[in-house]
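These are the residues of each chain, in order.
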Amino acid sequence: MATKDLTVDTFVPTVDAEGIVLVDFWAEWCGPCRSFAPVFEKASETHPDITFGKVDTEAEQALAAEFQITSIPTLMVFRDGILVFSQAGALPAQQLEHLVQGARDLDMDDVRKQIAAQADSAPAAK
């Protein structure tokens, strides 16, 4: 599967879908983004069961602002609609593969329990 360009209209339906979604926040003028692009594209072909999305931070400034993107490239991983990873910086192919495997190996029931526990222990807003 090739990468998919994400916009303000397609972002939420894409990342909220069941399964794994990797999102690359990038810009054309960014050298590290251009270096990471072929690695990301190849991974999308290697893992056709995973959605690989790209957000052009110049064209989609509202999305970049919403996710507080201050450095690019920034890679985010969503699984079943939950953000499970976010990091700025280009990854080498081997680290990206390790990240994909980590996302596959997640026990999502445990992740949901941890999120619920954090929400329960958070101080109530006044």
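Structure's up top.
One numbering rule holds for all chains: residues counted from 1, following each sequence as written. Local features in a predicted model are, by the rule used here, given only for residues with pLDDT of at least 70; side-chain atom pairs are given and counted only at 80 or more, and totals for whole chains, interfaces and linings are based on all residues. To get the side-chain values, take all heavy atoms of the structure and skip hydrogens and water.

Visitor: Help me out: how do you make sense of the packing of aromatic side chains in this one?
Guide: The geometry of two aromatic rings is summed up by the distance between their centres and the angle between their planes. Side-chain rings of Phe, Tyr and Trp, where Trp is taken by its six-membered ring, are said to pair if the distance between their centres is within 6.5 Å; with planes under 30 degrees apart they count as stacked, over 60 as edge-to-face, and otherwise as tilted. If you walk through the whole model with that rule in mind, you get seven aromatic pairs. Ring geometry for Phe11 versus Phe67: centroids 4.9 Å apart, planes at 50°, classification tilted. Taken together, the residues span a long stretch of sequence, with Phe11 in helix α1 (residues 11–15) and Phe67 in the loop between α3 (61–66) and β4 (74–79) at a distance of 56 residues. Aromatic side chains Phe25 and Phe67 sit 6.0 Å apart centroid to centroid with 50° between the ring planes, which places their arrangement in the tilted category. Of this pair, Phe25 sits in strand β2 (residues 20–26) while Phe67 sits in the loop between α3 and β4, and the two are 42 residues apart along the sequence. Taken together, Phe11, Phe25, Phe67 and Phe78 form an aromatic cluster joined through their ring pairs. Secondary structure is summarised from DSSP: a helix means a run of H or I of at least four residues, a strand means a run of E of at least two, and numbering begins at the N terminus for each.

Visitor: Looking at this structure, I do not really get the pairing of strand β5 (residues 82–88). What am I missing?
Guide: Both faces of the sheet carry side chains from a regular strand, because those side chains alternate between them. Here, any two strands with at least 2 DSSP bridges between them count as paired. Where β4 meets β5, six bridges bridge the pair, whose relative direction is antiparallel. Across the sheet, residue Phe78 finds its bridge partner in β5, namely Leu83. Hairpin connection, β4 to β5: the antiparallel pair is bridged by two residues, and Asp80 has positive phi, about 55°.

Visitor: Please clarify how the pattern of salt bridges should be interpreted in this entry.
Guide: Pairing is possible between side chains that carry opposite charge, provided their charged atoms lie close to one another. One speaks of a salt bridge when a side-chain nitrogen belonging to Lys or Arg is within 4 Å of a carboxyl oxygen belonging to Asp or Glu. With the rule as written, the count across this model stands at four salt bridges. Between Asp80 and Arg112 there is a salt bridge, with the nearest N and O atoms lying 3.5 Å from each other. Of this pair, Asp80 sits in the loop between β4 and β5 while Arg112 is found in helix α5 (residues 108–121), placing the two residues 32 residues apart along the sequence. Three labels apply to residues, based on accessible area from a 1.4 Å probe with only protein chains included: buried if under 20% of the type maximum, exposed if over 50%, partly exposed otherwise in between. The partly exposed category is assigned to Asp80, whose relative accessible area is 24%. The salt bridge involving Asp109 is made with Arg112; its shortest N-O contact spans 3.6 Å. Remark: Arg112 and Asp109 occur in helix α5; sequence separation between them is three residues, near one turn of the helix. Looking at Arg112, the relative accessible area reads 37%, which means it is partly exposed. Each of the salt bridges in this network shares a partner with another, and the network as a whole consists of Asp80, Asp109 and Arg112.

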